[in-house]
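Report on the structure
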Amino acid sequence: VRARVMQVETKPDVSYEDIGGIDEQMEEVRETVELPLKSPEMFDEVGIDPPSGVLLYGPPGTGKTMLAKAVANQTDATFIKMAGSELVHKFIGEGAKLVRDLFELARQHQPAVIFIDEIDAIASKRTDSKTSGDAEVQRTMMQLLAEMDGFEERGDISIIAATNRFDMLDRAILRPGRFDRLIEVPKPDAEGRELIFEIHTRGMNVADDVDFAALAELADNASGADIKAICTEAGMFAIREDRTEIRTADFENAWEKIQHEEDESDEVSK
Ligand code: ATP
């Protein structure tokens, strides 16, 4: 069971060139994570502790997971992913045990990047922390912070967490020595969207007259994940019409379809 909830990738296939529109965020992640993994002795010699944890926050599908994978790739680190929701358990001590196992796994695979998605699942502000379920969740969070504090024993392990709900977070986890590097990963602007279209169509057979700048203007509130979906769907439109070249209209139809689907899923979740 444990192996299933923790996803381990020895060499994630994401590189910095695959990520568009968030250069500043990428630089900051690199500076914070790459340096301590590549030259830990620098920190010893200077006599400061490397940054503890990085928190990426922002809307879904903006490239947070990609950033964490790319930095693991670049540093030849093992990428270990776990969702915060997987750490929420009914039985006392179960969540804390999973956290210990997670760090143990990372120590065995050093250098390693631990990526905890949906950190809000174990670290949100609670109105009522007296119920036993909440107390268990808090113990899990305390265990995570304890593992992060024990830097000497932590070795070459970087910790990156992500959330879509920054406003919900318990501020205690943002204190110095904890997740003290906050990096906002926003939705891309028009220029970013154009870059992301170019990235995702690299291997696609796109007609010469397709104008990605215009498509980026059209898909004005799309995330990176939406753009990826538009590109795949545009390819499907071409295939349905028995064509192998993708035209502007295919991208436009794909965007229509994806917006429509998102509206429907919003309805369902209401
Ligand atoms: P969530 O909060 O939902 O976990 P996330 O921010 O971690 O989302 P990713 O999993 O990194 O998002 O992105 C999902 C997919 O969307 C990626 O695999 C990629 O194909 C595409 N994508 C998202 N953002 C970008 C980007 N900035 N550049 C290129 N592709 C992107």
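Within each chain, residue numbers correspond to sequence positions counted from 1 in written order. Reporting of local features is limited, given that this is a predicted model, to residues whose pLDDT is at least 70; pairs of side-chain atoms are given and counted only at 80 or more, and all residues count toward the totals for whole chains, interfaces and linings. Here the side-chain values reflect all heavy atoms present in the structure, with hydrogen atoms and water set aside.

1. Focus: the sheet that holds strand β3 (residues 78–83)
Strand order in this open sheet of 6 strands is β1-β3-β4-β5-β2-β6, and the pairing throughout is mixed. Of all the strands in the sheet, the pair left with one neighbour each is β1 (7–9) and β6 (179–184). Going from strand to strand, the sheet's axes swing by 20° on average, the running direction of each strand aside. Pairing analysis gives 6 bridges linking β3 to strand β4 (residues 112–117), with the strands arranged parallel. Paired with Ala83 across the bridge in β4 is Asp117. In what follows, a contact means two residues having at least one pair of non-hydrogen atoms within 4.5 Å. Here an angle of 0 to 180 degrees is reported between the N-to-C directions of two axes, which are lines fitted to C-alpha atoms, with helices fitted over the stretch in contact. Under the scheme used here, helices are H or I runs from DSSP no shorter than 4 residues and strands are E runs no shorter than 2 residues, and both carry numbers assigned from the N terminus. Relative to β6, helix α2 (residues 23–38) is tilted by about 150°, and along the sheet it contacts β2 (53–57), β4, β5 (157–163) and β6. Paired strands are those between which DSSP finds at least two bridges.

2. Details of the UniProt feature "binding site: ATP" (unreviewed entry) in the protein chain
UniProt positions are given in the numbering used here, feature names are shortened, and annotations may be inferred rather than shown by experiment. In this structure's numbering, the residues bearing the UniProt feature "binding site: ATP" (unreviewed entry) are Gly61, Thr62, Gly63, Lys64, Thr65, Met66 and His200. Considering only the residues just annotated, the second largest pocket is lined by Gly61, Thr62, Gly63, Lys64, Thr65 and Met66. Structurally, Thr62 is set in the loop between β2 and α4 (64–74). Beyond its immediate stretch of four places on either side in the chain, Thr62 contacts Ile22, Val185, Pro186 and Lys187. Summarising the element assignment, Lys64 is placed in helix α4. Overall, Lys64 belongs to the buried group, its relative accessible area being 7%. In the cavity and pocket records, a cavity denotes points on a 1 Å grid over the protein atoms alone where a 1.4 Å probe fits but cannot get out, a pocket denotes an open set with protein on both sides within 12 Å along at least 5 of 7 lines, and lining residues are residues with an atom within 4 Å of a point. For every residue, the accessible area (1.4 Å probe, protein chains only) is compared with the maximum for its type, and the residue is labelled buried under 20%, exposed over 50%, or partly exposed between those bounds.

3. Describing the site of the ligand
Near, as used in this document, describes a residue that has one of its heavy atoms within 4 Å of the molecule or strand being considered. With respect to spatial proximity, 17 residues lie near the ligand, and among them Gly20, Gly61, Lys64, Thr65 and His200 are the closest. Any pair of nitrogen or oxygen atoms within 3.5 Å is treated as a polar contact; in protein, a donor-acceptor pairing is required on top of that, and neighbouring residues in sequence qualify only through side-chain atoms on both sides. A distance of 2.9 Å is found between an oxygen atom of the ligand and a side-chain nitrogen or oxygen belonging to Lys64. Note that an oxygen atom of the ligand is positioned 3.0 Å from one of the backbone N or O atoms of Met66. For the ligand, whose accessible area on its own is 630 Å², the fraction buried by protein is 79%. For the shell around the ligand, the secondary structure elements donating two or more residues are α4, α8 (190–200) and α10 (224–240). Polar here means any residue other than Ala, Val, Leu, Ile, Met, Phe, Trp, Tyr, Cys and Pro, which are nonpolar, and Asp, Glu, Lys and Arg, which are charged; Gly is therefore polar. Along the lines of polarity and charge, the residues of the shell around the ligand split into 5 nonpolar, 8 polar and 4 charged. For accessible areas, the Shrake-Rupley method is used with a probe of radius 1.4 Å. Any residue's cover is judged against the shown protein chains and nothing else.

4. Quick notes on α4
Most of α4 is tucked away: 8 of the 11 residues are buried. Listed in full, the buried residues belonging to α4 are Lys64, Leu67, Ala68, Lys69, Ala70, Val71, Ala72 and Asn73. The inward-facing, buried residues of α4 contact β1, α2, β2, β3, β4 and β5. Asp76 sits one or two positions beyond α4 and adopts a positive phi of about 55°.

5. Observations regarding the packing of aromatic side chains
Aromatic ring pairs are described here by two measures, namely the spacing of the ring centres and the angle between the planes. The pairing test for Phe, Tyr and Trp rings, Trp by its six-membered ring, is centres within 6.5 Å, and the orientation test on the planes gives stacked under 30 degrees, edge-to-face over 60, and tilted for anything in between. Inspection of every chain in the model, using the stated rule, returns 5 aromatic pairs. Relative to Phe166, the ring of Tyr57 lies with its centre 4.2 Å away and its plane at 20°, an arrangement referred to as stacked. Of this pair, Tyr57 sits in strand β2 while Phe166 sits in the loop between β5 and β6, and the two are 109 residues apart along the sequence. Residue Tyr57 is classed as buried on the basis of its relative accessible area, which comes to 19%. Taking relative accessible area as the criterion, Phe166 reaches 22% and is therefore assigned partly exposed.

6. Details of the layout of surface pockets
Grid points are joined across faces, edges and corners, and a volume is the space filled by probe spheres set on the points. The space that makes up the second largest pocket amounts to roughly 230 Å³. With 3 residues, α4 is the largest single contributor of residues to the lining of the second largest pocket. Across the lining of the second largest pocket, the residue classes break down as 4 nonpolar, 6 polar and 6 charged.

7. Details of the environment of Asp208
Looking at the element boundaries, Asp208 is found in the loop between α8 and α9 (212–218). The exposure class assigned to Asp208 is exposed, which follows from its relative accessible area of 81%. Separated by 22 residues in the primary sequence, Asp208 and Pro186 place their C-alpha atoms 30 Å from one another.

8. Observations concerning the nonpolar core
Buried Ala, Val, Leu, Ile, Met, Phe, Trp, Tyr and Cys residues form a nonpolar core when they are joined through side-chain atoms within 4.5 Å. Formed by 30 residues in total, the largest nonpolar core has its most connected members in Met6, Ile119, Met141, Leu144, Ile173 and Phe179. Counting residues per element, this core draws most heavily on helix α5 (residues 94–108), which supplies 6 residues. Among all residues touching Leu144, those that are not within four sequence positions of it are Val99, Phe103, Ile116, Ile119, Ile122 and Phe179.

9. Section: the side chain of Asp250
Residue placement: Asp250 occurs in helix α11 (residues 248–269). Polar side-chain contacts of Asp250 include one of 2.9 Å to the side chain of Arg243.

10. Focus on the packing of α8 against α10
Where α8 meets α10, the closest approach of the two axes is 9 Å, and the angle between their N-to-C directions is 45°. Overall, the two elements α8 and α10 adopt an arrangement that is oblique. Of the two elements, α8 crosses α10, and the hand of that crossing is right-handed. On α10, the residues touching Arg193, Ile196, Phe197 and His200 of α8 are Gly224, Ile227, Lys228, Ile230 and Cys231. Residues of the contact of α8 with α10, tallied by class, amount to 5 nonpolar, 2 polar and 2 charged. Each angle is binned into one of four classes, with values under 35 degrees roughly parallel, values over 145 roughly antiparallel, values of 65 to 115 roughly perpendicular, and all other values oblique. Each crossing is labelled by how the near helix is turned from the far one, with a counterclockwise turn of less than a right angle marking it left-handed and a clockwise turn marking it right-handed.

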